[in-house]
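As a plain string of letters, each chain reads:
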Amino acid sequence: MVDDAAAVFAGARADRGGSLQLRPLQPEPCRARKLFYPANHDRLTGLANRSLFYDRLQHAISRFNRSGKRLAVLFMDMDRFKPVNDTYGHATGDRVLKLIAERIKTELRTEDTVARLGGDEFVAMLEDVESHRQADKVVERLRAAIERPYELDGHTIYLGVSIGIAYYPEDGLLIDELLEVADRKMYGNKSAQA
Ligand SMILES: Nc1nc2c(ncn2[C@@H]2O[C@H](COP(=O)(O)OP(=O)(O)OP(=O)(O)O)[C@@H](O)[C@H]2O)c(=O)[nH]1
């Protein structure tokens, strides 16, 4: 007998013989989790996607409004990533992107959110930043980690990274303003290196 709330009548099909087939539904929390994950994460790296990043940033801003603490948004764009695809193929490029994601996560605290916006662009939100100096140190740690050579299939792959940083509240009060400032500073750094 199917009377369990979790095993709701999901579909009934009358066979020729007249028998009904009942398929138990997954419990709601489990189903919700399965739907939430792909909608909010980058399929390649498993990091948050743009949508989840915006959501987390919005929440952090609302909390920080009350606490008066500082928040940093980091924009990271790889340098010379296209040649990796061109030289070693897209699949190797994908593996490098996954390794980059791992290295970024390793350098940050678990409560910091990291996302891949697409291509070779990543963003991170650092909560509760005490000073610009502290954030600069994180940036240098990230740079050193990302620029460490990647050893894959007997090849050594070298990448650079350009990083821009924006602070809430001084660089903007809105998500788009913060990302725009971080993006602009990142491009400033990229052209300075070129
Ligand atoms: N392997 C792989 N490549 C991707 C993916 N998404 C985008 N790309 C490639 O990433 C590259 C990003 O382009 P650019 O940012 O111009 O590459 P870059 O060489 O780092 O350029 P600079 O930032 O100017 O140094 C393009 O070649 C895209 O085709 C992906 O999911 N996997």
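- The name given to the chain in an unreviewed UniProt entry is Diguanylate cyclase, with the source organism recorded as Paludibacterium denitrificans.

Re unusual backbone geometry
Thought 1: Pro 169 follows Tyr 168 through a cis peptide bond whose omega is 10°.
Thought 2: Position of Pro 169 among the secondary structure elements: in the loop between β6 (160–168) and α6 (175–193).
Thought 3: Here the phi dihedral of Asp 128 falls at roughly 60°; this positive angle occurs in a residue that is not glycine.
Thought 4: Take Asp 128: it is sitting in the loop between β3 (121–126) and α5 (132–147).
Thought 5: For Asp 153, which is not a glycine, the phi torsion comes out positive at approximately 50°.
Thought 6: Inspection of the secondary structure puts Asp 153 in the loop between β4 (150–152) and β5 (155–157).
Thought 7: The class for Asp 153 is exposed, based on a relative accessible area of 58%.

A closer look at the site of the ligand
Thought 1: For the ligand, the set of nearby residues contains 16 residues, the closest of which are Phe 81, Asn 85, Asp 94, Arg 116 and Lys 190.
Thought 2: With respect to the ligand, the side chain of Asn 85 contributes an N or O atom lying 2.8 Å from a nitrogen atom.
Thought 3: In the model, a nitrogen atom of the ligand is placed 3.1 Å from a nitrogen or oxygen of the His 90 main chain.
Thought 4: At the level of secondary structure, the elements contributing two or more residues to the shell around the ligand comprise β1 (71–79), α3 (82–88) and α4 (90–107).
Thought 5: Among the elements that take part in the shell around the ligand, α4 stands out by supplying four residues, more than any other.
Thought 6: Residues belonging to the shell around the ligand are distributed by class as follows: four nonpolar, four polar and eight charged.

Reading the values: rules and limits
Residues numbered from 1 in each chain as written. Predicted model: local features only at pLDDT ≥ 70, side-chain atom pairs only at ≥ 80, totals over all residues. Heavy atoms only, no water. Helix = DSSP H or I, 4+ residues; strand = E, 2+ residues; numbered from the N terminus. Buried < 20%, exposed > 50% of the residue type's maximum accessible area, 1.4 Å probe, protein only. Near = heavy atom within 4 Å. Polar contact = N/O pair within 3.5 Å; in protein donor to acceptor, adjacent residues only side chain to side chain. Nonpolar A, V, L, I, M, F, W, Y, C, P; charged D, E, K, R; others polar.

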